[in-house]
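Here's the letter readout for the chains.
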Amino acid sequence: FRTGCWLAGIREVEGGVVAVLLKLILLAVHVALPVSGLLGPASQSSSSTLLHHFGNTRSHPINYKFCRPRYDNTITLYSKASSRTGGRSGKGFGGLHPTSKKITPRSSSTIFYDDEGNVLSQRQQKPLSDDDSQHSIKNVKNELIDTDGEQIHNSSDKPNNNNRVTNFLSNLPKVLSKPPLVSSTSEWRRLQRHASQILKSTHLRDLLQDPTRCDAMWAEHDGVYLDYSRQQATLETMELLFDLAEKQELTKRIDAMVNGEKINFTEDRAVLHTALRASREDVGTVFVDGVDAIGEVHEVLDQIKAFTEAFRSGQITGYTGKRMRNIVSVGIGGSYLGPEFLHEVLKTEEEGINSSLGYSLRFLANVDPVDVERTCADLDPEETLIIIVSKTFTTAETMLNARTMRQWLWDFMGDDIDVVRKHVVACSSVSATENVKKFGIDTENGMFRFWDWVGGRYSVCGAAGAVPISLLYGYDLFEKFLEGARSMDQHFIKAPMRENIPIIMGLLGVWNSSFMGYNSRALIPYAQALLRLPAHIQQLDMESNGKRISRHGIEIDYPVGEVDFGEPGTNSQHSFFQLIHQGQTIPVDFLGFVQSQHDLLMDSEQLSSHDELMANFFAQPDALANGKTAEEVRAEGCPEELILHKVFDGNRPSSSLLFPQLSAYVTGQILSLYEHRTAVQGFIWDLNSFDQWGVELGKKLAIDVKGHLLKARYDPEQKPVDAGSPATSRILNYYVKNGREASANGTGLSVNPLTSVTRKNHKDNITKKTHSRDNAYPPPLQHDLGGNVGKLS
């Protein structure tokens, strides 16, 4: 293979497997033609002229010996007589050199490039359609023109079946059956060249002084204000990004998603999280496999509303007749992160405070038994409802925790099947109904379905979020959350690209990651109630776009998928902002709010606490963008030896999002905004953002390891574990051996350490003896915050 590349003059293997195979095929043709006498002296009248072997029956004044198709739909012509070397050194074919002439399919791109991607000439021809871009080489044998627009070959000429070049060209579509990567398009290359200019010649300190640019780089919708003027981008950058979006048919792909086409092709599924918050008026407009998707959604929402109202009114009681007031949601991944982020917002939202009085909600996600202990610590099982969230009802971690919680209920109330029917409900898919029934759950009244066309990380608007949130806060407040998400959905679907907030943010994400080389991104909400938002967006984005293969089955050759992280401001400023200001360049999203959920103004202060918070929100983007020069530091009287330590380079990009006030409605807008930003980036990168095969391998290996541990725990001979890998075997044996030694030392561990989930509840933990010894008092059954007329008013 390498020898063939060397003979072909290919000094570097580039362009992917298809390009290399094409070059080797051309090499074979180049070797075969002289043997058959097809490559004779260059002469206009000679039958050995390559153009005649293309099937041209008329003389033509251009005599070239070889051609090389390019992904940009142009063909480089080669001639032994050419004095122009062109292209990169050592890239010729067997001594043939590229000339300045090009030929291109008449129906293809109108721009002509040399091997370095520089424009040579341009003619107004028929625009390149999508089908042409994917199968452009097929047109080579149909109609070729030179850079002067002269026709060289027309497919109406009778082909010569014995002509090797004609046969070669007719087989090219088979070789190039897969569309090229987006990185091979002219739009992508123009952005690459533009990025190098931006990095070399611009600084945000200067860009922010351009009023025309700053006045153009913002967008607004339904109270959501985006300012992206502090991105390392110019107005030309944005136009080039919009050109790339058009090339990738972004709006067409968005329409395909929201209309229920099966764009998740690896799992043969539609992607319809937008249907989860669609209006009832849209029932009958979106179908998947003949099923009315939005109609099904509203059937489930009606079921959830009726169930939660009965629960909150006391019509539904526990096994012992007690009214239930504690809710535990058992799930992992999107079944946990999304609902928990929403719960953290609503529990300090005014309506949420009032509606949740007397109830509690906890999440059990980690298979670590400590998470079970922390979750159940002070709960009364007789007053607790368990929600198990699992699409297939087979997720290993979730089902182990589900069985543990079921045992916890049984330990207190007996193992009557009605204990499960009264205290456990499920959010699962219809296909898992039998598994749900086997667990003991009442599938008629206690199962809330969701669908294969909603991935876990997109499911917070479905039953996974609706059931726990509605039980705690009431269905009406959850519905406001859905309305906010719907508002942003409609903006995403209908707004022009240049005014579309999710599209703009998605394109800037592509710009920063693939062109500017920034592989991380921070999310900083200036609202403590959004403390779990960064973790949810981390899963949403990294599980969606952490891929290496394009949707066409080609390994990508460009950076995709940022490392997302974040913390609320101002906590984050005292955590990792040192690195963001003076270390690596990390683009940042700042989220701020015009009004606080709960503001404070102390008698001795001039500004409210929220103004103090927002002062940081406005200052940090400018500090990152402008930095601080050595001259500015020196002017402050800083000792010379410390100046470099106090210099800030600046030129660090960020975007600022400003919202009215953090409410259920605005939280829905934020969720939808970031879901669609993720989709936009995946569409531009040609990824399938809706599968997650990367999580499967670790699960499979964990099953194997469990088998080794099971054998080791119960092996009377205590033979060493052989896991098939010396490193894995060594650490597993260390784990097992030290567990045995801990048991022998009287620490309470058995060979197979087991603990009972049975425990006293909070009412029994504090005795009279405890009272007198520690002067302790039992916790109140109900807090005295008093909602909007109490301590939080």
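Look up a bit, the structure's there.
Treat the numbers as computed from the prediction; the structure is a model and nothing was measured. The numbering scheme is per chain: residues are counted from 1 as the chain's sequence reads. In keeping with the model being predicted, local features are shown solely for residues with a pLDDT of at least 70 and side-chain atom pairs are shown and tallied solely at 80 or more, while totals for entire chains, interfaces and linings include all residues. Side-chain measures were taken over the full set of non-hydrogen atoms in the model, leaving aside hydrogen atoms and water.

For this particular structure, what's the right way to read the overall build of the protein?
Think of it this way: any DSSP run of H or I at least four residues long counts as a helix, any run of E at least two long counts as a strand, and we number them from the N terminus. Secondary structure assignment for the protein yields 29 helices and 20 strands. Two residues form a contact once any of their heavy atoms are found within 4.5 Å. In the protein, once contacts between residues fewer than 6 apart in sequence are set aside, the share between residues at least 24 apart is 69%. Computed by Shrake-Rupley with a 1.4 Å probe, the accessible areas treat only the displayed protein chains as cover when residues are assessed. For the protein, the exposed area adds up to about 37000 Å²; of that, 51% sits on carbon and sulfur atoms.

Would you take a moment to explain the pairing of strand S8 (residues 218-221) for this structure?
Consecutive side chains along a regular strand alternate between the two faces of the sheet. Only protein chains enter the accessibility calculation, which uses a 1.4 Å probe. A residue is then buried if its area is under 20% of the maximum for its type, exposed if over 50%, and partly exposed in between. Of the two faces of S8, the one holding Ala 219 and His 221 is buried and the one holding Trp 218 and Glu 220 is not buried anywhere. Each pair of strands is called paired provided DSSP finds at least two bridges between the two strands. Taking the residues between adjacent antiparallel strands as the criterion, S8 and strand S9 (residues 224-227) are bridged by two residues, where Asp 222 takes a positive phi near 50 degrees.

Please explain the side chain of Gln 248 as it appears in this structure.
Along the chain, Gln 248 falls in the loop between helix H9 (235-247) and helix H10 (250-258). Distance and chemistry together define a polar contact, namely a pair of N or O atoms within 3.5 Å, with one atom able to donate a hydrogen and the other to accept it when in protein, and with adjacent residues in sequence counting only for side-chain atoms on both sides. A distance of 3.1 Å separates the side chain of Gln 248 from the backbone oxygen of Ile 684, its partner in a polar contact. In contact with Gln 248, other than residues within four places in its own chain, are Val 182, Arg 253, Phe 683, Ile 684 and Asp 686.

Sorry if this is basic, but what is going on with the sheet that holds strand S20 (residues 654-661) here?
Strand-to-strand pairing in sheets goes through backbone hydrogen bonds, with the strands running parallel or antiparallel. The six strands are arranged S8-S9-S20-S19-S17-S18 in an open sheet whose pairing can be described as mixed. Here the strands that pair on one side only, and so sit at the sheet edges, are S8 and strand S18 (563-565). Here the average twist between neighbouring strands, direction ignored, is 15 degrees. Judged from the three bridges that link them, strand S17 (residues 520-525) and S18 form a sheet pairing that is parallel. Opposite Ser 520, over in S18, you have Val 563 as the bridge partner. Here, axes are lines fitted to C-alpha atoms. For helices the fit covers the stretch in contact, and angles between N-to-C directions go from 0 to 180 degrees. The sheet strands contacting helix H23 (residues 609-626) are strand S19 (588-595) and S20, and the helix crosses S19 at an angle near 150 degrees.

What's the story with the nonpolar core in this structure? I'm lost.
A general tendency of soluble globular proteins is for nonpolar side chains to be buried together. Among buried residues, the Ala, Val, Leu, Ile, Met, Phe, Trp, Tyr and Cys ones that are joined through side-chain atoms within 4.5 Å form a nonpolar core. Grouped together as the largest cluster of nonpolar side chains are 121 residues, with contacts concentrated most on Trp 453, Leu 657, Ile 670 and Tyr 674. Per element, the largest residue contribution to this core is eleven residues, and it comes from helix H25 (residues 664-685). Ignoring sequence-local partners within four residues, the contact set of Leu 657 consists of Val 224, Tyr 225, Leu 226, Ile 501, Met 505, Phe 590, Leu 591, Gly 592, Phe 617, Leu 673 and Tyr 674. Counting 24 residues, the second-largest nonpolar core is a separate cluster that includes Met 399, Met 413, Val 419 and Val 424.

What should I look at first to understand the sheet that holds strand S13 (residues 360-364) in this one?
Pairing is parallel in the open sheet, where five strands are placed in the order S13-S12-S14-S15-S16. With partners counted over all chains shown, the strands left at the sheet margins are S13 and strand S16 (447-450), one partner each. Averaged over all adjacent pairs, the angle separating strand axes in this sheet is 20 degrees, with direction ignored. Pairing between strand S15 (residues 424-429) and S16: four bridges, direction parallel. Residue pairing in the sheet places Ser 428 in a bridge with Arg 449 of S16. Packed on one face of the sheet, helix H11 (residues 293-313) meets strand S12 (326-330), strand S14 (384-389), S15 and S16 and runs near 155 degrees to S16. Of the strands in this sheet, S12 and S13 are in contact with helix H14 (residues 369-376), which crosses S13 at around 175 degrees.

Explain the side chain of Ser 514 to me, please; I cannot follow it from the model alone.
Residue placement: Ser 514 occurs in helix H20 (residues 501-515). Accessibility expressed as a relative area gives 12% for Ser 514, which makes it buried. A polar atom in the side chain of Ser 514 sits 2.6 Å from the backbone oxygen of Pro 559. In contact with Ser 514, other than residues within four places in its own chain, are Trp 188, Pro 559 and Trp 685.

What exactly am I supposed to notice about the pattern of salt bridges here?
Should their charged atoms come close, side chains of opposite charge can pair. For this document, the term salt bridge refers to a Lys or Arg side-chain nitrogen within 4 Å of an Asp or Glu carboxyl oxygen. Taken as a whole and judged by the stated rule, the model has 38 salt bridges. The closest approach of N and O atoms between Glu 340 and Arg 532, which form a salt bridge, is 2.8 Å. Of the two residues, Glu 340 sits in helix H12 (residues 334-346) while Arg 532 sits in the loop between S17 and helix H21 (533-545), which places them 192 residues apart along the sequence. Since its relative accessible area comes to 13%, Glu 340 is described here as buried. Arg 521 is paired through a salt bridge with Glu 562; the nearest N and O atoms lie 3.2 Å apart. Taken together, the residues span a long stretch of sequence, with Arg 521 in strand S17 and Glu 562 in the loop between H21 and S18 at a distance of 41 residues. For the pair formed by Arg 521 and Glu 562, the shared burial category is buried. By sharing partners, the salt bridges in this structure join Arg 521, Asp 541, Glu 562, Asp 564, Asp 589 and Arg 677 into a single network.

What is the right way to read the packing of aromatic side chains from this model?
What describes a pair of aromatic rings is the distance from one ring centre to the other and the angle between the planes of the rings. Each aromatic pair joins two rings of Phe, Tyr and Trp (for Trp, the six-membered one) with centres within 6.5 Å, and gets the label stacked for planes under 30 degrees apart, edge-to-face for over 60, and tilted for any other angle. Considering all chains together, one arrives at 20 aromatic pairs under this definition. Centroid distance Phe 393 to Phe 439: 5.8 Å. Interplanar angle 85 degrees. Geometry classified as edge-to-face. With Phe 393 in the loop between S14 and helix H15 (396-413) and Phe 439 in helix H17 (residues 433-439), this residue pair connects regions lying 46 residues apart in the sequence. Classification of Phe 393 by relative accessible area gives buried; the value is 5%. The exposure class assigned to Phe 439 is buried, which follows from its relative accessible area of 7%. On the numbers, 5.0 Å between centres and 80 degrees between planes, the contact of Phe 617 with Phe 618 is edge-to-face. Take Phe 617: its relative accessible area is 2%, and that puts it in the buried class. Exposure remark for Phe 618: the relative accessible area of 49% places this residue in the partly exposed category. Through successive ring pairs, a cluster of aromatic residues spans Tyr 526, Phe 565, Phe 576, Phe 577, Phe 590, Phe 617 and Phe 618. Two conditions define a charge sitting above a ring: the NZ of Lys or the CZ of Arg must be within 6 Å of the ring centre, and it must be within 35 degrees of the ring normal. When the ring centre of Phe 439 is taken as origin, the NZ or CZ atom of Arg 406, which lies over that ring, is 4.2 Å away.

Looking at this structure, how should I read H12?
At 3.6 residues per turn, the α-helix brings residues three or four places apart onto the same side. Compared with the 18 Å implied by 1.5 Å per residue over 13 residues, the 18 Å span of H12 between its first and last C-alpha is a close match. Counted residue by residue, H12 has 13 buried out of 13 residues, so it is predominantly covered. Every helix has an expected span of 1.5 Å times one less than the residues it contains.

I would appreciate a short explanation of a negative patch on the surface in the present structure.
Patches here are clusters of residues that have more than 30% relative accessible area and form no salt bridge, with a 9 Å joining cutoff for like charges and a 5 Å cutoff for nonpolar side chains (Val, Leu, Ile, Met, Phe, Trp, Tyr). In this charge count, Lys and Arg are treated as positive and Asp and Glu as negative; neither His nor the chain ends contribute. To locate a charge, take atom NZ for lysine, CZ for arginine, CG for aspartate or CD for glutamate. Residues Glu 309, Asp 476, Glu 479 and Glu 483 make up a contiguous surface patch of negative charge. Here the element with the most residues in the negative patch is helix H19 (residues 475-494); it accounts for three residues. The topology assignment puts Glu 483 in helix H19.

What's the story with the packing of H20 against H25 in this structure? I'm lost.
Contact geometry of H20 with H25 gives a least axis separation of 8 Å together with a crossing angle of 50 degrees. Relative to H25, the element H20 is oriented oblique. Every pair of crossing elements has a handedness; the one defined by H20 and H25 is right-handed. Between H20 and H25, the contacting residues are Ile 501, Pro 502, Ile 503, Met 505, Gly 506, Leu 507, Gly 509, Val 510, Ser 513 and Ser 514 on the first element and Leu 673, Tyr 674, His 676, Arg 677, Val 680, Gln 681, Ile 684 and Trp 685 on the second. Three categories are distinguished: nonpolar for Ala, Val, Leu, Ile, Met, Phe, Trp, Tyr, Cys and Pro, charged for Asp, Glu, Lys and Arg, and polar for the others, with Gly belonging to the last. Grouping the constituent residues of the contact of H20 with H25 by class yields eleven nonpolar, six polar and one charged. Roughly parallel means an angle under 35 degrees; roughly antiparallel, over 145; roughly perpendicular, 65 to 115; everything else is oblique. Helix crossings fall into two classes, left-handed where the near helix is turned counterclockwise from the far one by less than a right angle and right-handed where it is turned clockwise.

What am I meant to see in unusual backbone geometry here?
Residues apart from glycine generally show negative phi values, whereas peptide bonds are mostly found in trans. Of note, the bond from Gly 569 into Thr 570 is cis; its omega dihedral lies within 30 degrees of zero at 10 degrees. Within the fold, Thr 570 resides in the loop between S18 and helix H22 (577-582). Backbone geometry places Phe 393, a non-glycine residue, at a positive phi of 60 degrees. The phi angle at Gln 718 is positive, at roughly 55 degrees, despite the residue not being glycine. Relative to the helices and strands, Gln 718 is located in the loop between helix H26 (696-714) and helix H27 (726-744). Among the residues examined, Gln 718 registers a relative accessible area of 43% and is labelled partly exposed.

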